[in-house]
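Results of the structural survey
Here are the chains, one letter per residue:
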Amino acid sequence: MVLCGDALIDLDLTEAVRQHREKGAIATVVTKTVPREEVSSYGVVVTDEQGRIKAFQEKPSVAEALSTNINTGIYIFEPEIFKYIPSGVEYDIGGQLFPKLVKEGAPFYAMAMNFEWVDIGKVPDYWQAIRDVLRGKIKNVQIPGQEVAPGIYTGLNVAVNWDKVDIRGPVYIGGMTRIEDGATIIGPAMIGPSCHICSNATVDNSVIFEYSRLGPGVRLVDKLVYGRYCVDKTGAAIDVQAAALDWLITDTRQIMPANPPEEHRAIVELLSIDSK
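Before going into details, it helps to say that this report is about the structure given with it. The structure displayed is predicted, hence computed values, not measured ones.

Next up on the list: the overall build of the chain. In terms of regular secondary structure, the chain is built from 4 helices and 25 strands. For 276 residues, the compact-globule estimate of 2.2 N^0.38 gives 19 Å, and the chain exceeds it by more than 25% at 24 Å. Here the C-alpha coordinates of the chain stretch approximately 70 × 40 × 40 Å along the principal axes. For the chain, with 276 residues in total, the buried portion stands at 42%. Taking contacts inside the chain between residues at least 6 apart in sequence as the whole, the part at least 24 apart equals 43%. Accessible area of the chain: about 15,000 Å², with a carbon and sulfur share of 51%. Computed over 27 positive and 36 negative side-chain charges, the inter-centroid distance for the chain is 2 Å.

In structure tokens form, the structure reads like this:
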């Protein structure tokens with residue numbers, strides 16, 4: 001079995017293999033039906049009435065699409081598949097192997113199955129997947145941690161004074177994260193482990209990866225933070241280090257200066273005023 005890594009799936013693999021073997025297939029592509037208006041975002045699989053694959057269309061227009069079954073990047077192969085793959089060279093599954101199987105009339109089938117499949121290969125898709133998990137919309141994917149209040153989940157050893165912060169779920173806070181007094185977190189939001197959210201900072205509808213530090217008064221709305229990058233939900237990124245803003249958004253493992261420069265304090269004051 002081959003599964004592409006840029007999707008969140010809930011598939012009965014045992015049943016998929018059973019159907020593959022029942023067909024006597026040497027190769028099977030697991031497909032999923034999508035609304036016709038969405039076909040232009042995917043690779044489309046065209047089959048005959050028995051499910052045998054006849055052709056592929058890569059992101060066709062709605063008018064040109066010959067099917068609404070899309071390639072999910074989940075494949076099942078028999079060991080005999082290597083007879084179709086030359087040794088000692090790079091050989092692409094989608095671009096070379098699949099066309100060869102079609103051309104030679106191999107028992108190559110598509111299997112349409114009803115299962116949860118969320119493409120997270122692009123930032124907007126990943127963003128939506130996180131929101132849907134936090135809202136309980138993704139089947140069989142549980143929010144990690146313990147629910148300490150309605151809609152608020154935490155890992156181990158989260159340091160926070162609950163009476164002095166404003167947290168509105170759904171929110172997940174990773175283990176060993178520290179949240180200072182006056183911070184505001186508005187869900188859906190996810191904060192990874194070992195983060196530090198400073199006083200009066202705001203995290204609104206955002207995803208914060210591990211070891212991230214948000215400085216005092218920082219207001220983060222509709223953003224993803226990982227390492228030295230702050231990304232909006234369309235995928236546009238800011239390198240906070242190159243922009244000389246890494247004292248506002250930085251790594252918790254870095255030692256911050258005891259006495260920040262005067263201009264830093266002035267910017268923090270402005271940010272704090274703006275966030276109220």
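Picking up where we left off.
Let us look at unusual backbone geometry. Here the amide bond leading from Gly-169 into Pro-170 is cis, since omega sits at 5°, within 30 degrees of zero. The topology assignment puts Pro-170 in the loop between β12 (166-168) and β13 (171-173). Omega for the bond connecting Gly-187 with Pro-188 falls within 30 degrees of zero, at 0°, which places this linkage in the cis form. In this structure, Asn-157 is a non-glycine residue whose phi angle is positive, near 60°. With respect to the helices and strands, Asn-157 occurs in the loop between β10 (152-154) and β11 (159-160). Residues other than glycine seldom take positive phi values, yet Ser-194 does so here, at roughly 60°. Within the secondary structure, Ser-194 sits in the loop between β16 (189-191) and β17 (196-197).

For the rest of this paragraph, the subject is the sheet that holds β12. Backbone-to-backbone hydrogen bonds join strands into a sheet, with any given pair of strands oriented parallel or antiparallel. Strand order in the open sheet formed by 4 strands is β12-β15-β18-β21, with parallel pairing between adjacent strands. Strands at the two margins of the open sheet, each flanked by one partner only, are β12 and β21 (219-221). With strand direction ignored, the average angle separating the axes of adjacent strands in the sheet is 5°. As judged from the 3 bridges shared by strand β15 (residues 184-186) and strand β18 (residues 202-204), these two strands associate in the parallel manner. Bridging across to β18, Ile-186 finds its partner in Asp-204.

Before going further, it helps to examine the environment of Asp-6. Residue position: Asp-6 is located in the loop between β1 (2-3) and β2 (7-10). Counting along the chain gives 119 residues from Asp-6 to Asp-125, while the straight-line C-alpha distance between them is 9.9 Å.

All right, on to helix α3 (residues 123-134) then. Helix length check: α3, at 12 residues, gives a terminal C-alpha distance of 17 Å against a target of 16 Å (1.5 Å per residue), a fit within 8%. Along α3, the residues that are buried comprise Trp-127, Ala-129, Ile-130, Arg-131, Asp-132, Val-133 and Leu-134. In the core, the buried residues of α3 are packed alongside β2, β8 (116-119), β13, β16, β19 (207-208) and β22 (223-226). A positive backbone phi angle near 75° is found at Gly-136, which sits one or two residues after α3.

This part takes up the pairing of strand β9 (residues 146-149). Pairing analysis gives 3 bridges linking β9 to β10, with the strands arranged antiparallel. Note that in β10 the partner of Ala-149 across the bridge is Ile-152. Between β9 and β10, which pair antiparallel and follow one another directly, the connecting turn spans 2 residues, one of which, Gly-151, has a positive phi of 80°.

Glancing now at the sheet that holds strand β23 (residues 229-232). Strand order in the open sheet formed by 8 strands is β9-β10-β13-β16-β19-β22-β23-β24, with mixed pairing between adjacent strands. The sheet terminates laterally at β9 and β24 (237-239), the two strands that pair on one side only. Where β13 lies against β16, 3 bridges are found, and the strand directions are parallel. The residue bridging Ile-173 from the neighbouring strand is Ile-191, located in β16.

Attention now goes to helix α2 (residues 93-103). Among all positions in α2, only Leu-97, Phe-98 and Leu-101 are buried. The buried residues of α2 occupy an angular sector of 90° when the element is viewed end-on, so they sit on one face. Turned more than 90 degrees away from the buried face of α2 sit Gly-95 and Lys-103, all of them exposed. As for α2, its buried residues are in contact with β3 (27-33), β5 (53-58), β6 (69-77) and β7 (108-112). The N-cap of α2, judged by a side-chain oxygen 3.2 Å from the amide nitrogen of Gly-94 a few residues on, is Asp-92. Immediately downstream of α2, the backbone of Gly-105 shows phi near 70°, a positive value.

Conventions we followed
- Residues numbered from 1 in each chain as written.
- Predicted model: local features only at pLDDT ≥ 70, side-chain atom pairs only at ≥ 80, totals over all residues.
- Heavy atoms only, no water.
- Helix = DSSP H or I, 4+ residues; strand = E, 2+ residues; numbered from the N terminus.
- Rg over C-alpha atoms; globule rule 2.2 N^0.38 Å.
- Buried < 20%, exposed > 50% of the residue type's maximum accessible area, 1.4 Å probe, protein only.
- Contact = heavy atoms within 4.5 Å.
- Areas by Shrake-Rupley, 256 points an atom, 1.4 Å probe, with all protein chains shown as cover.
- Lys, Arg positive; Asp, Glu negative; His and termini not counted.
- Charge placed at Lys NZ, Arg CZ, Asp CG, Glu CD.
- Pairing = 2+ DSSP bridges.
- Axes fitted to C-alpha atoms, helices over the stretch in contact; angles between N-to-C directions.
- Expected span 1.5 Å × (residues − 1).
- Arc of directions from axis to C-beta.
- Polar contact = N/O pair within 3.5 Å; in protein donor to acceptor, adjacent residues only side chain to side chain.

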